[in-house]
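# Coordinates in review
Here is what each chain is made of, one letter per residue.
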Amino acid sequence: FRTIGLGLLVLLLIGLGIWGLNRLSAPPLERPCVSAPDNDEAGQEQAGVPGGPGPDDPSPQGPEATARATLAGHLAKLSGVRDPAEARRLLKALQSWLDELPAELAAAIIRDFISTGTDSDLPLKFSVGNDGLLTTPPTFRVALMDILASINPPAAASLGREILSTPTTADEWAVSLRNVARVETNDETKRYLQDKTEELVRNVAWQEQPSIGFLNAFDVFVHTRAVTSTPLLSELIQRKDRRDLAHAAFLTIDRLTQLEPVAMLEQFRNDRALQQSRPEMVAQQFARADLRNDAQRAIVRSWLLDPERTQSELGSFAGIFPNSNQMVSNNLLTPKPQ
């Protein structure tokens, strides 16, 4: 019996050892698999809209990371789109999504995206609405800069100064100038905007093929009442080989004359090169003078009685005086005349 008992004990120990080894080598229990939503659903749920995680979400991917991923998804959808109507629809969806985000979060992800240099052309033209914001942007980056101006103006102005620190594109500079001007209104900023607009206009590469944004940027001269930029505008008006640049400069000078008549008429009276190159145009600017104003009347008298006045100039002046013509357009900064 003692022998039989020892044998059973040994067998029992062997059995327990085999059972333990099997436990160690057995595969772990599988977790139930939950299918992930598709990209569109993930973007909607994780972007902070109802149903998605809140700001205190404990998951490793927080609101900012998921918002970046959603923004990348919007870019992917817009990339390669050739139908303008489809591009406008997708941009409207982008605007709606960004509007629902907290303003600071929207600013953070847009700033991060802009810093990457990534962009995509859109099948749309640079077009300004009656509120100074764009109705259609030409690129994805310009779209983001424009949207940011409507949801977080201070952040848009800050980003605008960063963009204006180095040449990117004329369209981006035009929107950035507007974004800064809408928030910062002191005299120092006006000088800064004037200098940056002159830098934009003098950029040779941008002059060669001026974009619509490039031409719209001239409105910043009017907004800042940049009378001291008249020599640059005068140079462009005299470019008879470049009607596009000359026309943009003429519209700017014409509007500045209406805002600052005394200062601008002084500039014209002393600009002999412009008088010789565009005598009729200069005469029409003098015809804008209000002769009830002593200072304006004195300048016009001096110009009219100058012995160098030609019959052509006098005829242009008399033919349009008093010149109250208005050019009506949607502008980045200045309101349309009533």
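Note that the structure is a prediction, hence the values are computed from the model and not measured. (Residues numbered from 1 in each chain as written. Predicted model: local features only at pLDDT ≥ 70, side-chain atom pairs only at ≥ 80, totals over all residues. Heavy atoms only, no water.)

### As for the overall build of the chain
A tally of helices and strands in the chain yields 19 helices and two strands. Looking at the chain residue by residue over its 338 residues, the buried ones come to 42%. When contacts within the chain are restricted to residue pairs at least 6 apart in sequence, those whose partners lie at least 24 apart make up 63%. Accessible area of the chain: about 18800 Å², with a carbon and sulfur share of 55%. (Helix = DSSP H or I, 4+ residues; strand = E, 2+ residues; numbered from the N terminus. Buried < 20%, exposed > 50% of the residue type's maximum accessible area, 1.4 Å probe, protein only. Contact = heavy atoms within 4.5 Å. Areas by Shrake-Rupley, 256 points an atom, 1.4 Å probe, with all protein chains shown as cover.)

### Some words on the nonpolar core
Ranked by internal contacts, the top residues of the largest apolar core, which has 82 residues, are Leu94, Leu98, Ile109 and Phe286. Looking at this core, the element that brings in the most residues is helix H6 (residues 140-151), giving eight residues. Discounting residues that sit within four places of it in the chain, Leu94 has contacts with Leu71, His74, Phe140, Leu144 and Ile147. (Core = buried A, V, L, I, M, F, W, Y, C linked by side-chain atoms within 4.5 Å.)

### Here we look at the environment of Leu91
Looking at the element boundaries, Leu91 is found in helix H4 (residues 84-100). A sequence separation of 13 residues divides Leu91 from Leu78, and the C-alpha atoms of the two residues are 8.0 Å apart. If we ignore the near neighbours within four places in the chain, the residues touching Leu91 are Leu78, Leu122, Leu124, Pro137 and Ala143.

### What to know about the packing of aromatic side chains
This structure, assessed with the given rule, holds eight aromatic pairs. Aromatic side chains Phe286 and Trp303 sit 4.4 Å apart centroid to centroid with 10° between the ring planes, which places their arrangement in the stacked category. Here Phe286 is found in helix H17 (residues 279-286), whereas its partner Trp303 is found in helix H18 (residues 294-304), with 17 residues between them in sequence. Trp303 matches Phe286 in its accessibility class, with the two residues each being buried. One aromatic cluster is present, formed by Phe268, Phe286, Trp303, Phe317 and Phe321 through successive ring pairs. (Phe/Tyr/Trp six-rings, centres within 6.5 Å; stacked < 30°, edge-to-face > 60°.)

### Let's talk about helix H13 (residues 230-237)
Among the eight residues in H13, six count as buried, and that is most of the element. Among the residues of H13, Thr230, Leu232, Leu233, Ser234, Leu236 and Ile237 are the ones counted as buried.

### Examining the side chain of Ser176
You can see Ser176 is positioned in helix H8 (residues 170-183). On the basis of relative accessibility, which here comes to 1%, the residue Ser176 falls in the buried class. Other than its neighbours up to four places away in sequence, Ser176 contacts Met145, Gly160, Ile163 and Leu164.

### Some remarks on the pattern of salt bridges
For the structure shown, the criterion picks out 20 salt bridges. Across the pair Arg292 and Asp290 runs a salt bridge whose closest N-O atoms are separated by 2.9 Å. For Arg292, a relative accessible area of 72% puts it in the exposed group. The shortest N-O distance in the salt bridge between Asp306 and Arg309 comes to 3.9 Å. A relative accessible area of 17% places Asp306 in the buried class. Taken together, the salt bridges that share partners define one network made up of Arg272, Asp306, Glu308, Arg309 and Glu313. (Salt bridge = Lys/Arg side-chain N within 4 Å of Asp/Glu carboxyl O.)

### With respect to the packing of helix H15 (residues 261-270) against H18
In the contact formed by H15 and H18, the axes pass within 10 Å of each other and the chain directions differ by 15°. Judged by the inter-axis angle, H15 sits roughly parallel to H18. With respect to the hand of their crossing, H15 and H18 are arranged in left-handed fashion. For the pair formed by H15 and H18, the contact residues are Pro261, Val262, Leu265, Glu266 and Arg269 on the first element and Ala295, Gln296, Ala298, Ile299, Val300 and Ser302 on the second. (Axes fitted to C-alpha atoms, helices over the stretch in contact; angles between N-to-C directions. Parallel < 35°, antiparallel > 145°, perpendicular 65-115°, else oblique. Left-handed = near helix turned anticlockwise from the far one by under 90°.)

### A few points about the side chain of Glu172
For Glu172, the position within the fold is in helix H8. Of the residues examined, Glu172 reaches a relative accessible area of 3% and is grouped as buried. If we skip the residues at most four places from it in the chain, Glu172 touches Asp119, Arg141, Val142, Met145 and Ile163.

### Considerations on the confidence of the model for the chain
Across the chain, the average pLDDT comes to 87, with 82% of residues at 70 or higher. Low pLDDT, under 50, characterises residues 21-55; the predicted model gives this stretch 17 contacts beyond four residues in sequence or across chains. (pLDDT = per-residue confidence, 0-100.)

### Brief notes about unusual backbone geometry
A cis amide bond links Phe321 to the next residue, Pro322, at an omega of -5°. Inspection of the secondary structure assignment puts Pro322 in the segment after helix H19 (311-320). Of note, Arg225 is a non-glycine position whose phi angle comes to about 50°, a positive value. On the secondary structure map, Arg225 appears in the loop between helix H12 (219-223) and H13.

### Considering H15
Restricting attention to buried positions, one finds in H15 the residues Pro261, Met264, Leu265 and Phe268. Down the axis of H15, the smallest arc covering the buried residues is 100°, so these residues share one side. (Arc of directions from axis to C-beta.)

### Brief notes about the environment of Pro279
Within the fold, Pro279 resides in helix H17. The exposure class assigned to Pro279 is buried, which follows from its relative accessible area of 17%. Placed 34 residues apart in sequence, Pro279 and Glu313 show a C-alpha to C-alpha distance of 6.0 Å.

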